[in-house]
Structure formats: C-alpha cells, structure tokens
Amino acid sequence: MSSKAYTKTVVAFANARGGTLVFGVDDKTREVVGVPSEKVFQDADAIANAIADSIAPQVLPEITVKCARGRNLILVEVPVG
C-alpha cells in the first residue's frame, strides 16, 4: 500500500471541508473487497504512522475499523484543518 497517494488526499481533505477515506473498497467498481482480518490492524497502524510522519503541520484523523457486508474496512476521518 503506497502512502503517497492517500497522504495527499488527507492534506486535500484537511485544507477543504474534511472528509473520509475508506480502505477496502475498490476505487473503480466501488465494490466492498475488504481488508484481510489478519492485516486490518497492522494496516490501520501503518496508515496512522504514514500520516503522522508525512504531514506537517500535523493532521489528526480518526481511524476506525468497521465491518460492511462481512468485510473489514478502515475509515480515516479527516477533520477540517
């Protein structure tokens, strides 16, 4: 998972009206594909670390794991910066 694309999106959300990034949904088809259970918390931590390490001034999104259609999703809720 490349952090460059989603950290740019986090900055854009923070500079605009905020927003929510959803990991585990196919961008083109919008199909819920999920994040594997054995990796979901590891990926959530990696996302949090990439955001903390890459963005200044610091943006503090709320990162949660939700279940949709029996599959795990990682939600990154970015507040207005």
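Our subject is the structure listed above.
Peer 1: Is there a simple way to think about the sheet that holds strand 1 (residues 19-23) in this case?
Peer 2: Sheets are built from strands paired through backbone hydrogen bonds, the pairs being either parallel or antiparallel. Ordered in space as 1-3-2, the three strands form an open sheet in which the pairing is antiparallel. Each end of this open sheet is capped by a strand with a single partner; those strands are strand 1 and strand 2 (62-68). Sheet twist, expressed as the mean angle between neighbouring strand axes with direction ignored, is 25 degrees. Relative to strand 3 (residues 71-78), strand 2 runs antiparallel, the two being bridged by seven bridges. Bridging from a neighbouring strand, E62 pairs with E77 of strand 3.

Peer 1: What is the right way to look at the environment of S2 in this model?
Peer 2: One can find S2 in the segment before helix 1 (3-15). Between the C-alpha atoms of S2 and A56, which are 54 residues apart in sequence, the distance is 19 Å.

Scoring rules and cut-offs
- Residues numbered from 1 in each chain as written.
- Predicted model: local features only at pLDDT ≥ 70, side-chain atom pairs only at ≥ 80, totals over all residues.
- Heavy atoms only, no water.
- Pairing = 2+ DSSP bridges.
- Helix = DSSP H or I, 4+ residues; strand = E, 2+ residues; numbered from the N terminus.
- Axes fitted to C-alpha atoms, helices over the stretch in contact; angles between N-to-C directions.

Any link to function would need more than the numbers given here.
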